[in-house]
Amino acid sequence: MSIEEDTDGVWRIAPPRPARPRRRNGPRLPPEERREQLLDAARAVAGRDGLAELTMQAVAKQAGVAKPVLYAIYPTAPQLLDALLRREHSRGIAQVLEALPAGFDDADPDAEFEEAVIAFLTAVQDDPVRWRLILMPADGAPASYRGLLAGAREKVVERCAQLLETGIARRGGPSDVDVELAGRVMLGFIESLGRLVLSNPELASPQALRPTVRALTRTLPKDDKGTRIIPSGGSVVSAWQAGNARTPPEHPASP
């Protein structure tokens, strides 16, 4: 309680003011669990409000902790943002590599490609917050994160090129394809489909896009005589071009 002067100049004993409720920080967590909790909260804020609204106050409120708890793990907002983007990127790339076939063995490469793309698009559909950060990074994303995306993309292109070499050999064409360029075209096509799933999920579900994916493989010709892979400046060269072509007949000797 306290003694306060009333408007008529009489001093009165005022009742005690109710104490402000203290923010509950929840149970104490090990640092690694707390870090994941805070990143989950940051992801929720980014998914709901966008990266521009990813403030320390908003994240602390979402996590249900006082700001000092957040600052103890992530002293600055850029450090929090960097940790969030790197975590989501790492998990997203793991999903991509998991969707890609390890090899073809006796499988049909065209069917394997189709299923790999549908698996990726399903992952995008199931976790739009993560994939929006990867496929549609906002202007608020730091330059270091854009560099991380570019580096990871090159690794995926390399893996696509390896699969193309094996797949083209097994399916029998097309010949004379630069697998690195084809891998970049393939990845760009898949990324475009992923953005379509994010921007128009009702129209562009993975299953709705399946015929489009299948149609892409049907545009690739096959060689009647089959194809084997011979690296030549990064290109796939058909066997008859590599030395199995018919030699021209010799001209008969003049009498």
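Residues numbered from 1 in each chain as written. Predicted model: local features only at pLDDT ≥ 70, side-chain atom pairs only at ≥ 80, totals over all residues. Heavy atoms only, no water.

**Q** What should I look at first to understand the overall build of the protein in this one?
**A** If you tally the helices and strands in the protein, you get 10 helices and four strands. Put simply, the protein runs from its N terminus to its C terminus through helices and strands in the order β-β-α-α-α-α-α-α-α-β-α-α-β-α. Here the protein, with 255 residues, has 36% of them falling under the buried criterion. Total accessible area on the protein stands at roughly 15,700 Å², and carbon and sulfur atoms take up 54% of it. (Helix = DSSP H or I, 4+ residues; strand = E, 2+ residues; numbered from the N terminus. Buried < 20%, exposed > 50% of the residue type's maximum accessible area, 1.4 Å probe, protein only. Areas by Shrake-Rupley, 256 points an atom, 1.4 Å probe, with all protein chains shown as cover.)

**Q** Help me out: how do you make sense of the nonpolar core in this one?
**A** When a protein is soluble and globular, its nonpolar side chains tend to lie buried together. Ranked by internal contacts, the top residues of the largest apolar core, which has 52 residues, are Leu-54, Val-59, Leu-70, Leu-80, Phe-120 and Trp-131. Counting residues per element, this core draws most heavily on helix H7 (residues 143-171), which supplies eight residues. (Core = buried A, V, L, I, M, F, W, Y, C linked by side-chain atoms within 4.5 Å.)

**Q** Please clarify how the layout of surface pockets should be interpreted in this entry.
**A** Empty space among the atoms can be located by rolling a probe the size of a water molecule over them. Approximately 770 Å³ is the volume found for the largest pocket. What lines the largest pocket is a set of 39 residues, and nearest its centre among them are Phe-113, Cys-160, Met-186, Leu-187 and Ile-190. If you list the elements that add at least two residues to the lining of the largest pocket, you get helix H4 (77-99), helix H5 (109-126), helix H6 (128-135), H7, helix H8 (179-199) and helix H9 (206-218). (1 Å grid on protein atoms, 1.4 Å probe; cavity = no way out; pocket = protein on both sides within 12 Å on 5 of 7 lines; lining within 4 Å. Points joined across faces, edges and corners; volume = space filled by probe spheres on them.)

**Q** I'm lost on the confidence of the model for the protein in this one. Help?
**A** Interpretation of this model should avoid reading the predicted coordinates in detail wherever pLDDT is low. Looking at the protein as a whole, the pLDDT averages 81, with 76% of positions reaching at least 70. Taken element by element, the protein is modelled with least confidence in strand S4 (residues 235-236), mean pLDDT 37, and with most confidence in helix H2 (residues 56-63), mean pLDDT 96. Segment residues 226-255: pLDDT under 50, and 41 contacts once partners within four positions in sequence are set aside and those in other chains are kept. (pLDDT = per-residue confidence, 0-100. Contact = heavy atoms within 4.5 Å.)

**Q** Sorry if this is basic, but what is going on with H7 here?
**A** Residues spaced three or four apart along an α-helix point in a common direction, a consequence of the helix completing one turn every 3.6 residues. Over its 29 residues, H7 extends 41 Å from the first C-alpha to the last, a length consistent with the 42 Å expected when each residue adds 1.5 Å. Buried residues of H7: Tyr-145, Leu-149, Ala-152, Val-156, Val-157, Cys-160, Ala-161, Leu-163, Leu-164, Gly-167, Ile-168 and Arg-171, and no others. A positive backbone phi angle near 85 degrees is found at Gly-172, which sits one or two residues after H7. (Expected span 1.5 Å × (residues − 1).)

**Q** Would you explain the side chain of Arg-34 in this entry?
**A** Counting through the fold element by element, Arg-34 comes out in helix H1 (residues 31-49). Nearest to the buried, unbridged Arg-34 among oppositely charged side chains is Glu-33, at 8.5 Å. One polar contact links Arg-34 to Gln-37, side chain to side chain, over a distance of 2.7 Å. (Lys, Arg positive; Asp, Glu negative; His and termini not counted. Salt bridge = Lys/Arg side-chain N within 4 Å of Asp/Glu carboxyl O. Polar contact = N/O pair within 3.5 Å; in protein donor to acceptor, adjacent residues only side chain to side chain.)

**Q** I'm lost on the packing of H5 against H8 in this one. Help?
**A** The axes of two packed helices give the description: the angle between them and the distance between them. The interhelical angle for the contact between H5 and H8, taken along N-to-C directions, is 35 degrees, at an axis separation of 9 Å. Between H5 and H8 lies a crossing whose hand is right-handed. Residues Phe-113, Val-117, Phe-120, Leu-121, Val-124 and Gln-125 of H5 lie in contact with H8, whose contacting residues are Met-186, Ile-190, Leu-193, Gly-194, Val-197 and Leu-198. (Axes fitted to C-alpha atoms, helices over the stretch in contact; angles between N-to-C directions. Left-handed = near helix turned anticlockwise from the far one by under 90°.)

**Q** Would you mind showing me how to read the packing of aromatic side chains here?
**A** The geometry of an aromatic ring pair comes down to the distance between the two centres and the angle between the two planes. Taken as a whole, this structure holds one aromatic pair when the rule is applied. Geometrically, the ring pair formed by Phe-120 and Trp-131 is edge-to-face, given 5.1 Å between the ring centres and 85 degrees between the ring planes. Placement of the pair is Phe-120 in helix H5 and Trp-131 in helix H6, with a sequence separation of 11 residues. (Phe/Tyr/Trp six-rings, centres within 6.5 Å; stacked < 30°, edge-to-face > 60°.)

**Q** Looking at this model, I keep getting lost on the pattern of salt bridges. Mind explaining?
**A** Where charged atoms from two side chains of opposite charge come close, those side chains can pair. For the coordinates displayed, the defined rule picks out 18 salt bridges. Linking Glu-36 and Arg-91 is a salt bridge whose minimum nitrogen-to-oxygen distance equals 3.1 Å. Taken together, the residues Glu-36 in helix H1 and Arg-91 in helix H4 connect sequence positions 55 residues apart. Looking at Glu-36, the relative accessible area reads 24%, which means it is partly exposed. Classification of Arg-91 as partly exposed rests on a relative accessible area of 35%. The residue Glu-115 makes a salt bridge to Arg-210 at a minimum N-O spacing of 2.8 Å. Of the two residues, Glu-115 sits in helix H5 while Arg-210 sits in helix H9, which places them 95 residues apart along the sequence. Given the relative accessible area of 43%, Glu-115 is considered partly exposed. For Arg-210, a relative accessible area of 14% puts it in the buried group. One salt-bridge network, in which partners are shared between bridges, spans Glu-36, Asp-40, Arg-43, Arg-87, Glu-88, Arg-91, Asp-127 and Arg-130.

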